[in-house]
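# Remarks on the overall topology
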Amino acid sequence: MDWFTAIDIYCERTGPEYWAEPLNALSNLSFIAAALWGWVEAKKRDRTDVMTVILIALAAMIGVGSFLFHTFANTWSELADVMPIWTFVLLFVLVAIHRIGGVRPGRIAIGLALIVGVIAVLFAFGGDGSGSQTSAASTPSTQTHDHSASANTLLNGSEQYLPAVLALLAFAFLSHRKGHPIAPWVAAATATFMVSLTLRTLDMHLCAIWPLGTHFIWHILNGTMIALLFQGLIRSRDARAA
């Protein structure tokens, strides 16, 4: 594997330069803002336990990793982008199951094995799990000047986020059914993610009429989604373990 292979899979990037995706890069500040708001609220409510702090740190790392990918735009920075995202998703699901569902850690182990299995399948069939069709643009010249190859996939790599969609929908349904205080926060986060995922999917398809693309809005809305999930988790009381 060449860790420095150039990658161009977003509408905004038209060349290999470091600052070729300014909007995609700077919009990652939304993740930093979500982490800061989460930290302030956690301190205020005395919820600075280890798992909460780790989740907040991971949210900030998502912003940093994505910034690296949208500036360096190569294989190693793509990995720096992907790893914090899926680590955050995995950990948040487990923490939510424990705190909101009241499930004991031992029972969560089964869910952990299933989630890890799903992510492994995503990595196996999606190359690096990021949804970037690097094989469709294998040379630097096509990667930096020809967006058509990367836009061949109808969903633009967004299919990798199906587990996240299903998890949010299930979380929203169950929390609403139980009348849990976190339900409105999860519903808002789910709606936000649906809009953001749609815009991510449309990014490469709209290049001809909107050269800046829509990927930067995906970042902003995902930062908003994480902020909503944080606030719901931090403000809600823990369920009794069962």
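Below you will find a few notes about this structure. (Residues numbered from 1 in each chain as written. Predicted model: local features only at pLDDT ≥ 70, side-chain atom pairs only at ≥ 80, totals over all residues. Heavy atoms only, no water.)

### Some points on the overall build of the protein
- Each helix and strand in the protein was counted, giving 9 helices and 0 strands.
- In the protein, the order of α-helices and β-strands from amino to carboxyl end is α-α-α-α-α-α-α-α-α.
- Counting across all 242 residues of the protein, residues that qualify as buried make up 48%.
- When contacts within the protein are restricted to residue pairs at least 6 apart in sequence, those whose partners lie at least 24 apart make up 77%.
- As displayed, the protein has an accessible area near 11,700 Å², and 73% of this comes from carbon and sulfur atoms. (Helix = DSSP H or I, 4+ residues; strand = E, 2+ residues; numbered from the N terminus. Buried < 20%, exposed > 50% of the residue type's maximum accessible area, 1.4 Å probe, protein only. Contact = heavy atoms within 4.5 Å. Areas by Shrake-Rupley, 256 points an atom, 1.4 Å probe, with all protein chains shown as cover.)

### Thoughts on helix α8 (residues 183-202)
- Here α8 contains 20 residues, and its C-alpha end-to-end distance of 29 Å stays within 8% of the 28 Å for a straight helix at 1.5 Å per residue.
- Inspection of α8 places Ala 183, Val 186, Ala 189, Thr 190, Thr 192, Phe 193, Ser 196, Leu 197, Leu 199, Arg 200 and Thr 201 among the buried residues, and these make up the whole buried set. (Expected span 1.5 Å × (residues − 1).)

### A closer look at the state of the cysteines
- Tallying each qualifying case throughout the model produces 1 disulfide.
- The side chain of Cys 11 participates in a disulfide bridge whose partner is Cys 207; the two sulfur atoms lie 2.1 Å from each other. In this pair, Cys 11 sits in the segment before α1 (22-26) while Cys 207 sits in the loop between α8 and α9 (215-235), placing the two residues 196 residues apart along the sequence. (Disulfide = S-S within 2.5 Å.)

### Observations concerning the pattern of salt bridges
- The tally for this structure, following the rule as stated, stands at 4 salt bridges.
- The partner of Arg 13 in a salt bridge is Glu 21, and the shortest N-O contact between them spans 2.5 Å.
- Notably, a salt bridge pairs Glu 41 with Arg 235, separated by 3.5 Å at the nearest N-O pair. Residue Glu 41 is located in helix α2 (residues 29-44), and its partner Arg 235 is located in helix α9; the two are separated by 194 residues in the primary sequence.
- With a relative accessible area of 33%, Arg 235 lands in the partly exposed category.
- Residues participating in the shared-partner salt-bridge network are Glu 41, Lys 44, Arg 45 and Arg 235. (Salt bridge = Lys/Arg side-chain N within 4 Å of Asp/Glu carboxyl O.)

### Thoughts on unusual backbone geometry
- The backbone of Ala 73 sits at a positive phi, close to 50 degrees, despite the residue not being glycine.
- Secondary-structure assignment places Ala 73 in the loop between α3 (50-72) and α4 (75-99).
- Judged by relative accessible area, which is 5%, Ala 73 ranks as buried.

### Re the nonpolar core
- Among the nonpolar cores identified, the biggest contains 38 residues, and Leu 55, Phe 88, Phe 92, Phe 193, Ile 226 and Phe 230 are the most heavily contacted of them.
- Of all the secondary-structure elements, those providing two or more residues to this core are α2, α3, α4, α7 (162-177), α8 and α9.
- Broken down by element, the residue count for this core peaks at 9 residues, all from α9.
- Non-local contacts of Phe 230, meaning those with residues more than four positions away in its chain, are made with Ala 34, Ala 35, Gly 38, Leu 55, Ile 56, Ala 59 and Phe 88. (Core = buried A, V, L, I, M, F, W, Y, C linked by side-chain atoms within 4.5 Å.)

### Remarks on α2
- In this model α2 runs 23 Å from its N-terminal to its C-terminal C-alpha over 16 residues, within 8% of the 22 Å that 1.5 Å per residue would give.
- Among the residues of α2, Ser 30, Phe 31, Ala 34, Ala 35, Gly 38, Glu 41 and Ala 42 are the ones counted as buried. In a view along the axis of α2, the buried residues occupy a sector of 140 degrees, so they form one face of it. Structural note: α2 exposes Leu 29, Leu 36, Lys 43 and Lys 44 on the side pointing more than 90 degrees away from its buried face.
- Buried-residue contacts for α2 involve α3 and α9.
- Phi for Asp 46, located one or two positions after α2, is positive at around 55 degrees. (Arc of directions from axis to C-beta.)

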